[in-house]
Amino acid sequence: MEADLKLNAESGSQLPDPETYRRLIGRLLYLTISRPDICYTVHKLSQFVSDPRSGHMNATNIMLRYFKHIAGQEVLFKAKSDTSLHAYVDANWGSCIDSRKSTTGYCIFLGNSLISCKAKKQKTISKSST
């Protein structure tokens, strides 16, 4: 997903067949089990399954092109690699355009290999970043 892409509930026109988008997102959600690198993007796109728009479908098509270019790549654990754990955590304040909720996330690496990651929209709305 493009770094500066801001999707909201009104991104583009309504899709003529929203079931196609819903089936595609459902398949991508299942794929996140084995592909932690797409978790954030898929979960962001899954927020719009009730009323998908053309902007959401365009972002999904970009993601499918990403898959086309990385076919055959997978998580690789080298025999003589570093086995230290590294975790990174971040939060962005009020990033959701529609609800103004913040998103927090983390990723965990074993050596240079990504083994787990998660992004989650917070339940409450923060009025301050401090």
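Our subject is the structure that appears above.
For clarity, every value in this text was computed on a predicted model and none was experimentally measured.

J.: Summarise the overall build of the protein; cite the residues concerned and give the values.
T.: Along its length, the protein carries 3 helices and 3 strands. Mapped from its N terminus to its C terminus, the protein presents α and β elements in the order α-α-α-β-β-β. Counting over 130 residues, the protein shows a buried share of 28%. Roughly 9000 Å² of accessible area belongs to the protein as shown, and the carbon and sulfur atoms make up 55% of that amount.

J.: For the nonpolar core, give the residues involved together with the corresponding values.
T.: By size, the foremost hydrophobic cluster in this structure holds 15 residues, and its most contacted members are Y21, L28, L45, M63 and F67. Elements with a minimum of two residues in this core: helix 1 (18-31), helix 2 (39-46) and helix 3 (54-69). Non-local contacts of Y21, meaning those with residues more than four positions away in its chain, are made with L15, L45, F48, V49, P52, H56, M57 and T60.

J.: How would you explain the packing of aromatic side chains if you had to name every residue and give the values?
T.: If you walk through the whole model with that rule in mind, you get 1 aromatic pair. Between Y88 and F109, the ring centres sit 6.0 Å apart and the planes meet at 75°, which makes this aromatic pair edge-to-face. Here the residue Y88 occupies a position in strand 1 (residues 85-92), and F109 occupies one in strand 2 (residues 103-110), the gap between them amounting to 21 residues. Of the residues examined, F109 reaches a relative accessible area of 23% and is grouped as partly exposed.

J.: So what's going on with the pattern of salt bridges? Residues and values would help.
T.: By the definition in use, this model includes 3 salt bridges. Salt-bridge contacts for E10 lead to R53; the nearest nitrogen and oxygen are separated by 3.4 Å. Of the two residues, E10 is situated in the segment before helix 1 and R53 in the loop between helix 2 and helix 3; the sequence distance between them amounts to 43 residues. Between R53 and D51 there is a salt bridge whose closest N-O contact spans 3.2 Å. Given a relative accessible area of 11%, R53 falls into the buried group. According to the relative accessible area criterion, D51 is partly exposed, its value standing at 29%. Residues joined by salt bridges that share partners form a network here, namely E10, D51 and R53.

J.: An account of helix 3 is requested, with residue identities and associated values reported.
T.: Taking 1.5 Å of rise per residue, 16 residues should cover 22 Å, and helix 3 covers 23 Å from first to last C-alpha, within 8% of that figure. Buried residues belonging to helix 3 abut helix 1 and helix 2.

J.: Any details on the pairing of strand 2? Residues and values, ideally.
T.: Sheet analysis places strand 1 next to strand 2, joined by 8 bridges and oriented antiparallel. Considered in strand 2, the bridge of L85 is made with L110. Alignment of strand 2 against strand 3 (residues 113-121), held across 8 bridges, turns out to be antiparallel. Counterpart to T103 in the pairing with strand 3 is K121. Counted between consecutive antiparallel strands, the loop separating strand 2 from strand 3 contains 2 residues, among which G111 sits at a positive phi close to 70°.

J.: Got a sec to walk through the sheet that holds strand 2? Specific residues and values, please.
T.: On the basis of which strands lie adjacent, the open sheet formed by 3 strands has the order 1-2-3 and antiparallel pairing. Each edge of the open sheet is held by one strand with a lone partner, namely strand 1 and strand 3. In this sheet, neighbouring strand axes are inclined to one another by 10° on average, regardless of whether the strands run parallel or antiparallel.

About the criteria used
- Counting restarts for each chain, with residues numbered from 1 along the sequence as it is written.
- Under the rules for a predicted model, residues below a pLDDT of 70 receive no local features and side-chain atom pairs below 80 are neither given nor counted, while totals for whole chains, interfaces and linings still include all residues.
- Hydrogens and waters are ignored; side-chain quantities use all the structure's heavy atoms.
- The way it works is that DSSP assigns letters per residue, a run of H or I at least four long becomes a helix, a run of E at least two long becomes a strand, and they are numbered from the N terminus.
- Exposure categories follow from relative accessible area, calculated using a 1.4 Å probe and restricted to protein chains: below 20% of the type maximum is buried, above 50% is exposed, and the middle band is partly exposed.
- For every accessible area listed, the method is Shrake-Rupley and the probe measures 1.4 Å; residues are considered covered only by the protein chains on display.
- Put simply, a nonpolar core is a bunch of buried Ala, Val, Leu, Ile, Met, Phe, Trp, Tyr and Cys residues held in one set by side-chain atoms that sit within 4.5 Å of each other.
- A contact between two residues is defined here by any heavy atoms of the two lying within 4.5 Å.
- For Phe, Tyr and Trp, where Trp contributes only its six-membered ring, two rings pair if their centres lie within 6.5 Å, and the inter-plane angle classes them as stacked under 30 degrees, edge-to-face over 60, or tilted in between.
- Here, a salt bridge means any Lys or Arg side-chain nitrogen found within 4 Å of an Asp or Glu carboxyl oxygen.
- By definition here, a helix of n residues has an expected span of 1.5 Å times n minus one.
- Pairs of strands are assigned from DSSP output, requiring at least two bridges between the strands.
- All axes are obtained by fitting lines to C-alpha atoms, using only the stretch in contact for helices, and the reported angles, taken between N-to-C directions, cover 0 to 180 degrees.

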